[in-house]
Amino acid sequence: MSSVKVVVCFVLLTLFAQAINIVNAENVEVRVKSVTSIAKTDDNFVCATLDWWPSTKCDYGQCPWQQAGLINLDLDNKILRNAIKAFKSLRLRLGGSLEDQVVYKVGDNLECPKFQRNNDGLFGFTQGCLCMDRWDELNDLFKQTGAIITFGLNALYGKQKDHNEKGLWIGDWDTTNSRDLMNYTISKGYKIDSYELGNELCGNGVSARLTPEQYGRDMIKLKKLVQELYPDPSTQPKVLGPAGFFDEKWFKTFLQITGPNVVDAVTQHIYNLGAGVDKDLIYRIQDPFFLSQIAQTYRDLSKLIEEFGPWSAAWVGEAGGAYNSGGKDVSHTFANGFWYLDQLGMTSTFNHKVYCRQAFIGGNYGLLNTTSFIPNPDYYGALLWHRLMGPSVLSVNHNGSPYLRVYSHCSRRKPGITLLIINMSNSTYSSISVVNDLNLYTDMEVPDNGGAKPREEYHLTPKDGNIQSDVVLLNKTPLRLTSSDGIPELKPEFVDPTSPILVAPQSFVFATLRDFNAPACA
């Protein structure tokens, strides 16, 4: 058989398979309420963390951090730099569990200890140190790649353990070391977007805790310090906290103590999938009923801020899905996108401004592979979100299965809207028609007939159909680094706008509809 005949046969078989899929697909009507937006995110909603963990951080008989911590990460790695640069303005949060044991070798502080394993220390480690040579190297990376920086400060500096209550730390925050770091940072011209005070010290804490009253007083000190050292309001870093798990009573008291215009963003942490070693992790990550349980937490924080801190914004300051460095067979694979992309969509509908993924690199849940630096599937999902989904969030509903999630934003690049479609079903195709719901005062619906401009579709699927693969396909082509270690182009497939959007089982689709007339996006 000639090569031409083989190609023709392959094309015909492909078209035949697609026709069968369309016939057997579940027909779904997606309604986008386009008159007004329901929420707004920050322009740089997608965020990732860099953590302090040393190579000796181990969980469940494995040590997945290796050389990925802030102290030992190879900052000259080309893939690392290109991966950050691809976002043009990636928000990075520097912090984590050991944050409150980091001292800064600057000013009168001449000691610079290294993290050492110690069962009596917080999280099983002694104090560690950030020297200014390393701070210079980090800031060179940030400047060269356009990163936007949140820096987490040591909130336990100057405090002591309470002798009566286990885990409680008492005393006022000593600002001396943080002041010296800020002065050095200012003298070098380094740009800091925001300072965050402490890590997971709220509520019952994790390894240490503070009362909301004490933390509130410390936060006021931080705000005054920032205002003193950065007197120009246009360049003044924001102040964030408490960087921990949501506890309604604790958060409420904290906001009441700090009062108006002190806390610019209330940051909470999310690890709703359970332990990384949990054998049910792979099932939870595809269970829409389980994934929806965290929605109440987002709503509760949003309502609390609305009532007690309307001057503040809600952020997810750290979210890794599964705690203790993530699941070694799940968190770095395509399957993790069912949780991660759904989280991005869900939190944006609850008016959260920023979502920081733990971690950009490190552990099992890094967006980059810890040793090779090659992007994992979630990296590409995050990059597509950042490039396609604008800050204005639109209300969406559909009449399909609960295993189908749909989110919609005004497109980052006007005109039109962009949909994120997540199909968690392992067997059902979805054939999606979009309706423009213009109903504000009266019934008014406009079926989206596509208009003249082709629809731009980005279909993400796992290699060989294996959702536990760490290779992702974009429109059936594997995403691999270029020969110069660059991030590959993410090109859409241009589709007849009058046709439905066909979503394969266990896949994600970003679809931009340029001719969709949404008044909220004008």
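All of these numbers come straight from a predicted model, not from anything done at the bench. (Residues numbered from 1 in each chain as written. Predicted model: local features only at pLDDT ≥ 70, side-chain atom pairs only at ≥ 80, totals over all residues. Heavy atoms only, no water.)

## A closer look at the overall build of the chain
- Across its full length, the chain carries 11 helices and 27 strands.
- Its C-alpha atoms give the chain principal-axis dimensions of roughly 80 × 60 × 40 Å.
- Counting every position in the chain, which comprises 522 residues, the buried fraction comes to 57%.
- For the chain, the proportion of contacts with a sequence separation of at least 24, taken over those separated by at least 6, is 76%.
- Per element, the accessible surface of the chain, about 21,800 Å² overall, is 51% carbon and sulfur.
- Once the 49 positive and 55 negative side-chain charges of the chain are each reduced to a mean point, those two points are 3 Å apart. (Helix = DSSP H or I, 4+ residues; strand = E, 2+ residues; numbered from the N terminus. Buried < 20%, exposed > 50% of the residue type's maximum accessible area, 1.4 Å probe, protein only. Contact = heavy atoms within 4.5 Å. Areas by Shrake-Rupley, 256 points an atom, 1.4 Å probe, with all protein chains shown as cover. Lys, Arg positive; Asp, Glu negative; His and termini not counted. Charge placed at Lys NZ, Arg CZ, Asp CG, Glu CD.)

## Section: the packing of helix H2 (residues 78-85) against helix H3 (residues 132-145)
- Closest axis-to-axis distance for the H2/H3 pair is 9 Å, and the angle between their directions is 50°. Here H2 is positioned oblique relative to H3, judged by the angle of their axes. The chirality of how H2 crosses H3 is right-handed. The segment H2 lies against H3, with Leu-80, Arg-81, Ile-84 and Lys-85 engaging Asp-140, Leu-141, Gln-144 and Thr-145.
- Looking at the contact of H2 with H3, its residues break down into three nonpolar, two polar and three charged. (Axes fitted to C-alpha atoms, helices over the stretch in contact; angles between N-to-C directions. Parallel < 35°, antiparallel > 145°, perpendicular 65-115°, else oblique. Left-handed = near helix turned anticlockwise from the far one by under 90°. Nonpolar A, V, L, I, M, F, W, Y, C, P; charged D, E, K, R; others polar.)

## Digging into helix H4 (residues 176-188)
- Between its first and last C-alpha, H4 extends 19 Å over 13 residues, near the 18 Å set by a 1.5 Å rise per residue.
- Those residues of H4 that are buried lie in contact with strand S5 (102-105), H3, strand S7 (148-153), strand S10 (194-197) and helix H5 (212-229).
- Gly-189 sits one or two positions beyond H4 and adopts a positive phi of about 75°. (Expected span 1.5 Å × (residues − 1).)

## Observations regarding the pattern of salt bridges
- Using the criterion set out here, one finds 26 salt bridges in the structure.
- Residues Glu-196 and Arg-93 are paired through a salt bridge, measuring 2.9 Å at the closest nitrogen-oxygen approach. Taken together, the residues Glu-196 in strand S10 and Arg-93 in strand S4 (residues 91-94) connect sequence positions 103 residues apart. Across the pair, exposure class does not vary: Glu-196 and Arg-93 are buried alike.
- One salt-bridge network, held together by shared partners, links Glu-29, Arg-31, Lys-33 and Asp-437. (Salt bridge = Lys/Arg side-chain N within 4 Å of Asp/Glu carboxyl O.)

## A few points about the sheet that holds strand S3 (residues 46-50)
- With respect to topology, eight strands assemble into a closed barrel ordered S3-S4-S7-S10-S11-S12-S14-S16, the strand pairing being parallel. Across the sheet, the axes of successive neighbouring strands diverge by a mean angle of 25°, strand direction being ignored.
- Where S4 and S7 come together, four bridges link them in parallel fashion. Each residue of the ladder has a partner; that of Leu-94, found in S7, is Phe-151.
- Packed on one face of the sheet, helix H10 (residues 336-349) meets S3, strand S12 (265-270), strand S14 (313-319) and strand S16 (352-357) and runs near 160° to S16. (Pairing = 2+ DSSP bridges.)

## Digging into the environment of Asp-172
- With respect to the secondary-structure elements, Asp-172 resides in the loop between strand S9 (169-170) and H4.
- C-alpha of Asp-172 to C-alpha of Arg-217: the two residues are 45 residues apart in sequence and 7.9 Å apart in space.
- Once residues within four sequence positions are removed from consideration, Asp-172 is found in contact with Tyr-157, Gly-158, Lys-159, Gln-214, Arg-217, Asp-218 and Lys-221.

## Let's talk about the state of the cysteines
- The full count for this structure, using the stated rule, is four disulfides.
- Covalently, Cys-47 is tied to Cys-356 through a disulfide, its sulfur atoms 2.1 Å apart. Judged by the torsion about the S-S bond (85°), the Cys-47/Cys-356 disulfide is right-handed. Of the two residues, Cys-47 is situated in strand S3 and Cys-356 in strand S16; the sequence distance between them amounts to 309 residues. Here the two residues Cys-47 and Cys-356 agree in accessibility, since each one is buried. (Disulfide = S-S within 2.5 Å.)

## A word on the confidence of the model for the chain
- Predicted confidence across the chain gives a mean pLDDT of 94, with 93% of residues reaching 70 or more.
- Of the regions scoring below 50 in pLDDT, residues 6-17 engages in two contacts with residues more than four places distant in sequence or in other chains. (pLDDT = per-residue confidence, 0-100.)

## Describing the side chain of Arg-405
- Tracing the sequence through the fold places Arg-405 in strand S18 (residues 404-411).
- On the basis of relative accessibility, which here comes to 12%, the residue Arg-405 falls in the buried class.
- Side-chain polar atoms of Arg-405 contact the side chain of Ser-292, separated by 3.0 Å.
- Sequence-distant contacts of Arg-405, defined by excluding residues within four places in its chain, comprise Pro-288, Leu-291, Ser-292, Asp-342, Met-346, Leu-420, Ile-421, Ile-422 and Met-424. (Polar contact = N/O pair within 3.5 Å; in protein donor to acceptor, adjacent residues only side chain to side chain.)

## What about H2?
- Listed in full, the buried residues belonging to H2 are Ile-79, Leu-80, Arg-81, Ala-83 and Ile-84.
- Among the structural elements, S4, H3 and helix H11 (377-388) are those in contact with the buried residues of H2.
- In this structure Asn-77 caps H2, since a side-chain oxygen of it lies 2.9 Å from the backbone nitrogen of Ile-79.

## Focus on the pairing of S10
- Residues Ser-194 and Glu-196 point to one face of S10 and Tyr-195 and Leu-197 to the other, with burial holding for every one of them.
- In the sheet, S7 pairs with S10 via four bridges, with the strands oriented parallel. Its bridge partner being in S10, Gly-152 is matched across the sheet by Glu-196.
- The pairing of S10 with strand S11 (residues 238-244) spans three bridges and is classified as parallel. The partner of Tyr-195 across the bridge, within S11, is Val-239.
- Handedness of the S10-H5-S11 crossover: right-handed. (Right-handed = clockwise from strand over helix to strand, strands pointing away.)

## Side note on a nonpolar patch on the surface
- Taken together, the side chains of Tyr-60, Val-277 and Tyr-323 present a nonpolar region at the surface, about 290 Å² in accessible area.
- Along the chain, Tyr-60 turns up in the loop between S3 and H2.
- The exposure class of Tyr-60 is partly exposed, given its relative accessible area of 37%. (Patch = residues over 30% accessible without salt bridge, like charges linked within 9 Å, V, L, I, M, F, W, Y side chains within 5 Å.)

## Digging into the environment of Gln-468
- Tracing the backbone through its elements, the reader meets Gln-468 in the loop between strand S22 (455-462) and strand S23 (472-474).
- For the pair Gln-468 and Ser-372, spaced 96 residues apart in the sequence, the C-alpha separation amounts to 18 Å.
- Here the side chain of Gln-468 touches Asp-329 through a polar contact of 2.8 Å, landing on its backbone oxygen.

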